[in-house]
Structure formats: C-alpha cells, structure tokens
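Survey of secondary and tertiary structure
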Amino acid sequence: MIEDSVYQNYFTALLAGSRSACHDIVQKLLDADTEIREIYEKLFQQSMYKVGELWENNLITVAGEHLATSITEGVLNLVYPHLFAIKRVGKKAVVSCSANEFHQIGGKMVADIFELNGWDGYFLGANTPSEELMRYIHEVNPDILALSLSLLSNIDNLIRCIEIVKSDFPNLNLLVGGQAFRWGGIDMIKCFSGVKYVSSLDRLEKFIKEV
Ligand code: B12
C-alpha cells in the first residue's frame, strides 16, 4: 500500500523537477517489495493525470509537463531488474501506440505487465505507422497485439490499424486500451471479432492469467 504522504512527496518532487528525489522514492518502494502495478497506477499514473490537469489549466508550463514526463519515463526503468528476474513462459506480446499517438507511458506499462507475467513484451513506443507495425508482427509472430490510445480524436488511426492487422492475421488476439476510451469509442471496437477492450492494468493481468 502506497501511503498518501509518499505520493505527496513524490508529486512535489516531480513538479520541482527533482529526478533524484523521485528516483529515491521509487527505489525505496521497490526495495520494500511494493507491487509494481500499484507503483504504476498510484504513483505514476495518478501524478501524470494531475500534471495533465495543471497543464490544461495553465498552472504549470509546457516545460514543467515535459520534465515530469521525462522523469516518469526515467524512473519506470528502475523496475527492469524485477521484470527480468521472472521466469519466462514462452509467450510474446507486441505493444504499440497507433499512428499519431505520442502518449507512450501507458503502453510501456502494459508491456511491463506482460513481462511481469513471464511474457516477452515488445514495446514499439509512440506513433507507429500501421504498415511498420504489420512488418514487425510478421517478424515476431506474437501471441497478442496490444494497442494503446490516449486521444479519442485518433480513433480512426486505431481502427485502420486494426483493419490492416486483421486482414493479414485474422486469428491474432488484439487488446486495446488507454484513456481515450474514457471519452468514448468502445462501441467502435466491439464490432471487430477477436478485439477486446481492457480497461485497466488489473484487468489486463487477469486476462493474461486466463490466456
Ligand atoms: C505527457 C502528456 C503528453 C506528452 C506525451 C509524451 C510521452 N512520452 O508519452 C506530449 C507532450 C507528447 C503530449 C501531447 C499532446 N497531448 Co498530452 N498529455 C500528457 C499527460 C500529461 C500525461 C500522459 C500520461 O503519461 N499519463 C499517464 C499514463 C500512465 O496514463 P494512461 O496513458 O491513461 O495509461 C494508463 C491506462 O490508460 C492504461 N492503458 C494505456 N494504454 C493501454 C493499452 C492497453 C491494451 C491496456 C490494457 C491498458 C492501457 O494503462 C496505464 C496505467 O493504468 C496527459 C494527462 C493525462 N490525463 O494522462 C495529457 C493528455 C493525454 N494530453 C492531451 C492533449 C490534448 C495533448 C495534445 C493534443 C496537446 C496539443 N495541443 O498538442 C498533444 C497530442 C499529441 C499526439 N498526437 O498524441 C489531453 C487529452 C484530452 C482528450 N480528451 O483527448 C490530456 C488528457 C491532457 C489534458 N488534461 O488535457 N501529451
């Protein structure tokens, strides 16, 4: 359980741009065996959503938001030793953001959740053109493709990506998720067979355990 005071200290350090303080707080939590999913949701996601609100309301600068993003991406890497210590189960997940989608932190967490469950998670990052994604799927032949969407205005790119992938890989399991679906779009996904919307990391973990 991450205490409120720990969150507050982390958030203050994040806004102040103190990479080292953020690093120390996360490392202490990892050393205390705090669940990684909890660190992702209660520390990183919550603080970045708050950063988004401050940014939207002009209470922090664009530079302040960029710095918070860069620190978050940095401290995410502290979990690597934990991820790679886990026994592999011989399954592969490709995780990507669709074309014109530059929000990549959520997708990175999704790839890490696969790793935590013994899968090999291949995270392609932001703004992946659908044709390049297809080429990569041909190369890696994954068991699952997971796509992350943050902007609902990008849903056409996501749909196009799903159509392209489904035309070559009709039986590939596809997962979609991300905060865009808080604002709509779930119905557009439902009409594809073999494509599942997953609303949280907790549900993702449950899904992985069932596969
Ligand atoms: C950082 C940031 C950026 C950075 C991203 C850099 C990077 N390296 O990722 C930059 C500067 C590029 C950016 C740009 C823009 N942004 Co921005 N951004 C953010 C911010 C502050 C944080 C994003 C983040 O990391 N969140 C934390 C992660 C962990 O949360 P998450 O993505 O939701 O992921 C979680 C779940 O959704 C889930 N999940 C995610 N993907 C998947 C996939 C699967 C399969 C599953 C199971 C689960 C899952 O797992 C995660 C953990 O729980 C958000 C605020 C916010 N509310 O998030 C705004 C925000 C997303 N941005 C916003 C906007 C408007 C923009 C711009 C349009 C701004 C502009 N005018 O240029 C551009 C669009 C660029 C583009 N084409 O993509 C708005 C979107 C509003 C809306 N209704 O669509 C937000 C909400 C800010 C706001 N409050 O207004 N942004």
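Note that the coordinates shown come from a computational prediction; the quantities given were computed from them, not determined experimentally. Along every chain, residues carry numbers that run from 1 in the direction the sequence is written. Selection of residues for local features in this predicted model requires a pLDDT of at least 70, selection of side-chain atom pairs for listing and counting requires 80 or more, and totals for whole chains, interfaces and linings are taken over all residues.

Regarding the domain arrangement of the protein
Each assigned domain of the protein is listed here: domain 1 (4-80) and domain 2 (86-210). Domain delimitation in this document rests on an assignment produced automatically or drawn from a domain database. The straight-line distance from the C-alpha centre of domain 1 to that of domain 2 is 24 Å. Each partner contributes residues to the interface: domain 1 has nine residues there, and domain 2 has nine residues. Secondary structure elements are defined from DSSP: runs of H or I of at least 4 residues count as helices, runs of E of at least 2 residues count as strands, and each element is numbered from the N terminus. If you list the elements that add at least two residues to the side of domain 1 that touches domain 2, you get helix 3 (36-56) and helix 4 (62-76). Under the scheme applied, nonpolar residues are Ala, Val, Leu, Ile, Met, Phe, Trp, Tyr, Cys and Pro; charged residues are Asp, Glu, Lys and Arg; polar residues are all the others, including Gly. The residue makeup of the side of domain 1 that touches domain 2, split by class, is five nonpolar, one polar and three charged. Residue pairs qualify as contacts under a 7 Å threshold applied to their C-beta atoms, which are placed from the backbone.

Let's talk about the environment of F192
Looking at the element boundaries, F192 is found in the loop between helix 9 (186-190) and strand 5 (195-197). Distance from F192 to Y80, taken between C-alpha atoms, is 34 Å for residues 112 residues apart in sequence. With sequence-adjacent residues up to four places away left out, F192 is seen in contact with I162 and K166.

Quick notes on the nonpolar core
The nonpolar core criterion groups buried Ala, Val, Leu, Ile, Met, Phe, Trp, Tyr and Cys residues into a set whenever they are joined through C-beta atoms within 7 Å. Whether a residue is buried, exposed or partly exposed is read from the other C-beta atoms within 10 Å of its own C-beta, which are placed from the backbone; 20 or more gives buried, 12 or fewer gives exposed, and intermediate counts give partly exposed. Counting residues in hydrophobic clusters, the biggest one holds 43 residues, and the most contacted among them are A93, A146 and L147. Among the elements that make up this core, the one with the highest residue count is helix 3 (six residues). Residues in contact with A93, not counting those within four places in the same chain, are A111, F114, W119, G121, Y122, P142, D143, I144 and A146.

Examining the pairing of strand 4 (residues 173-177)
The buried count for strand 4 comes to four of five residues, which makes it a mostly enclosed element. Where strand 3 (residues 144-148) lies against strand 4, five bridges are found, and the strand directions are parallel. For A146, the partnering residue across the bridge sits in strand 4 and is L175. When the strands point away from the viewer and the connection leading from the first strand across the helix to the second strand turns clockwise, the crossover is called right-handed. Between the parallel elements strand 3 and strand 4, the chain passes through helix 8 (residues 155-168) in a crossover that is right-handed. As judged from the three bridges shared by strand 4 and strand 5, these two strands associate in the parallel manner. Pairing of L174 across the sheet is with V195, part of strand 5. In short, DSSP must find at least two bridges between two strands for them to pair.

Overview of the site of the ligand
Here, nearness is defined through the C-beta atom: a residue counts as near a molecule or strand if that backbone-placed atom lies within 6 Å of it. Looking at the ligand, there are 38 residues lining it, with G52, G106, S148, G177 and G178 nearest. Counting residues per element, the ones that place at least two in the shell around the ligand are helix 3, helix 4, helix 6 (105-116), strand 3, strand 4 and helix 10 (201-210). The element that contributes the greatest number of residues to the shell around the ligand is helix 3, accounting for 11 residues.

As for the environment of P81
Here P81 lies in helix 5 (residues 80-84). Since 9 C-beta atoms lie within 10 Å of it, P81 is described here as exposed. Placed 34 residues apart in sequence, P81 and S47 show a C-alpha to C-alpha distance of 23 Å.

Quick look at the packing of helix 2 (residues 19-31) against helix 4
Interaxial distance between helix 2 and helix 4 falls to 10 Å at its minimum, and their mutual angle equals 35°. The hand of the helix 2/helix 4 crossing is right-handed. Contacts between helix 2 and helix 4 pair R19, C22, H23 and V26 from the former with I71, G74 and V75 from the latter. Split into classes, the residues belonging to the contact of helix 2 with helix 4 amount to four nonpolar, two polar and one charged. Working convention: axes come from line fits to C-alpha atoms, limited for helices to the stretch in contact. Angles between N-to-C directions cover 0 to 180 degrees. By the definition used in this description, the sense in which the near helix is turned from the far one sets the handedness, with an anticlockwise turn below a right angle giving left-handed and a clockwise turn giving right-handed.

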